[in-house]
Amino acid sequence: MEFVNLIEIAVVALYLSGAALYPAGMLGRKPMLMRLAGLTAGGGFILHTLRIALMFASTKHMTFTQGGLYFSLMAWVVLLVFFTISWRKKLEFMALAASPLALLLYLSSIALPDSVVKMPDNLSGLFFTLHIGSLFVSISLLAMAFAAGALFLHIEKKIKTKEKLAGFRKDLPSLNTFDLANKWAVNWGFPLYSVGLLAGFVWGRFTWGKLLTWDPKEIVSLLIWMLYAFLFHQRLAQGWRGGKAAKLAMLVFIFSIASLVGVNFLTQSHHNF
Amino acid sequence: MDQTLYLIGLNHKTAGVEIRESYALTDCDPRAQGLVTDTGPISEAVLLSTCNRVEIMAVADQGTPPEVILEFWAKACGGSVGTLAPHVYIHQGLDAVNHVFTVASSLDSMVMGEPQILGQLKDAYRNSVEHNTSRVVLNRLLHKAFTVGKRVRTETAIASSAVSISYAAVELAKKIFGDMGDNTALLIGAGEMAELAAMHLVNAGIKEVLVSNRTFTRAEELAGRFNGRAIHFNELMRRLPEADIIISSTGATEAIIHAKDIKPVLKARKNRPMFFIDIAVPRDIDPDVNALDNVYLYDIDDLKEVVEENLAQRREEAVKAEAIIESETAQFALWLESLDLKPTIVDLLEQGEDIGRRELAKTLKRLGPDLPPETEEALETLVTSLVHKLYHEPINFLKRRTQEEGKAGRFIDSTRRMFNLDHEQIPTDAHARRKNVVPLRRDCTLPPDGGDASDSEENNG
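This one's a predicted model, so the numbers in the text were calculated from it and none came from an experiment.

**Q** What should I look at first to understand the overall build of chain B in this one?
**A** The number of helices and strands found in chain B is 16 helices and ten strands. Burial status across chain B gives 49% buried among its 461 residues. In chain B, the proportion of contacts linking residues at least 24 apart, taken out of those at least 6 apart, comes to 73%. With an accessible surface of roughly 22,200 Å², chain B has 52% of that area assigned to carbon and sulfur atoms.

**Q** How do you make sense of the interface of chain B and chain A when you look at a structure like this?
**A** Many structure descriptions define interface size as the accessible area lost when the parts assemble. Residue-level contacts link 24 residues of chain B with 25 residues of chain A. Buried area between chain B and chain A, both sides added, is near 1,800 Å², and the carbon and sulfur share of it is 45%. The largest contributions to the chain B side of the interface with chain A come from K175, K270 and Y296 of chain B, which together make up 33% of the buried area. Inspection of the region where chain B meets chain A yields one salt bridge.

**Q** Would you mind going over the side chain of T4 of chain B with me for this structure?
**A** All names here are of chain B. Inspection of the secondary structure puts T4 in strand β1 (residues 3-11). With relative accessibility at 6%, the residue T4 sits in the buried group. Engagement of the side chain of T4 in a polar contact is seen with the side chain of Q62, the distance being 3.0 Å. Residues within four places of T4 in sequence aside, it is in contact with A58, V59, A60, D61, Q62 and Q92.

**Q** Teacher, can you tell me more about the sheet that holds strand β7 (residues 229-232) of chain B here?
**A** In a beta sheet, neighbouring strands pair by backbone hydrogen bonds and run either parallel or antiparallel. All names here are of chain B. In space, the six strands of this open sheet follow the order β7-β6-β5-β8-β9-β10, with parallel pairing throughout. Looking at which strands have only one partner, the edges of the open sheet turn out to be β7 and β10 (295-299). Mean inter-strand twist for the sheet, computed between neighbouring axes without regard to direction, equals 20 degrees. Of the strand pairs in this sheet, strand β5 (residues 184-188) and strand β8 (residues 245-248) are connected by four bridges, and their pairing is parallel.

**Q** Help me understand the nonpolar core in this model?
**A** Nonpolar side chains in soluble globular proteins tend to end up buried together. With 113 residues, the main nonpolar core has F93, M94 and M144 of chain A together with I245, I247, F275 and L303 of chain B as its most contacted residues. Residues in contact with I247 of chain B, not counting those within four places in the same chain, are L186, L187, I188, A194, A197, A198, L201, I277 and I279 of chain B. The next biggest cluster of nonpolar side chains, apart from the first, holds 49 residues, and it includes L118, V136, I325 and W335 of chain B.

What counts, and at which threshold
Residues numbered from 1 in each chain as written. Chains lettered and ligands numbered in written order. Predicted model: local features only at pLDDT ≥ 70, side-chain atom pairs only at ≥ 80, totals over all residues. Heavy atoms only, no water. Helix = DSSP H or I, 4+ residues; strand = E, 2+ residues; numbered from the N terminus. Buried < 20%, exposed > 50% of the residue type's maximum accessible area, 1.4 Å probe, protein only. Contact = heavy atoms within 4.5 Å. Areas by Shrake-Rupley, 256 points an atom, 1.4 Å probe, with all protein chains shown as cover. Buried area = accessible area lost by both parts, 1.4 Å probe. Salt bridge = Lys/Arg side-chain N within 4 Å of Asp/Glu carboxyl O. Polar contact = N/O pair within 3.5 Å; in protein donor to acceptor, adjacent residues only side chain to side chain. Pairing = 2+ DSSP bridges. Axes fitted to C-alpha atoms, helices over the stretch in contact; angles between N-to-C directions. Core = buried A, V, L, I, M, F, W, Y, C linked by side-chain atoms within 4.5 Å.

Geometric descriptors of this kind do not, in isolation, establish any biological role.
Given below as structure tokens:
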């Protein structure tokens, strides 16, 4: 077995431990398990970084559009965003979404075939990198908004219906914390999503000579952007918060994932893998 | 042990408030008042006197009847044994130990799991140390009781949930707002329970308290107590957007706040959440308010239900706590037994011989395998003899004390501690901790952790 394969197995094992141990620690109210989950996810992240570095080092004409690398990078960014949020905002509970999502994306990256396409040159490369980078971070933030929104709705329902908050629910942060996390993720995520889309269109102009090619992915992304813009506007201007904002953020995330999987795999598009 | 441990007391279960008040032992000095003397049958005593409990822990010579303590108690309070005796429980030996641990763990309190009793027990112990009425047995018993109380609190969830209406409301508020440093509470009406809830909110760090009452002077008076602001009752709806937590307890016969009133309030607040706590009967707030987004409403029945559930959880946790107490009582029994001279002599010599054997083994290893057997035998004899000779004088001293005084407990205890015969783990900062003793509270008011003992419907142990 090659060294690279060993790293892949280790990353999967560590991400799996992280994804399983955090909910287990939460349900069993064992903080040690949750800390261990953080450590295993962190260990996996370091090895994953090494794996990506090795991939770049071994292939001169690597491009982001190949499926395996695309998903691998996505998993890496999800965890990067999660670690940043945990560190800056003390929102460790986001691990509930980040770890399983990173695991799923990484497993997908292994399953997808490696097809090498030439890396775009010069200025086109800059916009392409901006396009992918911004969108990845934005989707990762949406994942965080999804987790915070789902937990908000769950706990709010318990409080509204006067059900007992027992077990791990009792240890969860307040509704206000979930709402702020959701708001924070949307407030950062939407501008990044916009930059990502715009950079994609500029790159399209360089590559195909026109901004909009009416590719299915472009249309779906624009529709998601509109929904996202509505959420961003309602939160900022209309003071939306709580359940309504949480539900819409979750919907935007679900559409983003559906677009990522559905459009990229099932339709004829520039974005096929 | 040639002495008996007694615990004689009464509590909220055995005596009414009048008896508890009449037979309280506040500011009582058992040495000055003749219970503990240098020559009498009672050598140690600790008096615990709280709102709900009066107890005397005492160490007496074997055969001393508990009536001696009872008579002292009645006399100290200017009452009679006849009045006192029917309300009193008497525990002896390990039963007494078990009872002290149960009390320290707050299993015997009116509000099971309330944290105050441990502080009160520490106060009682401090008094006994000041009056020099606590020695070997009670020193050890009380220290152990503090450890057991702490263990029960950390290893079980006995004190983890609110068991009073007002504190349950505050716990819920925390679940909605988290840190309440930016939140404002509004009291509508000035009922006692609303006041208690406000007190809990202030303890939890709420930014400001507003008070609105039909009688403005009463509102001003109450607001003054929390460094808050009074607002006129007819300004209530206009000022409502300022409040995040609203506690209503007016005597109104119909609802004073309706869902339609709240919609514009929410708009003015940019949908910031509001938590309504309606503790009035009949209710002040229309239940439909709970259906609005970002609005949460709990009435007195909802809160009672929360409290009932939490109490049930505490009762479950009490089973775990009892197991801890049983095991700690058994350990204490071993220690009590060790206060007899014989086991201490055996332990001392065994420890010495053990050290000798280990050192001998090291020396023999250094001397090599060619050592003649007779030399090895001589070395063994030397070590054993040295150990016995070294311990000869301390053992003789202990024997003399036992014969002369008939109660050499404190010397035996000192010896056991000096040679660490009980193999206790001594923390590295033990000395530092002893130096930094913090004075303890002596009151029956709000517990330090924001507990629930101060609600009108409850009291502390």
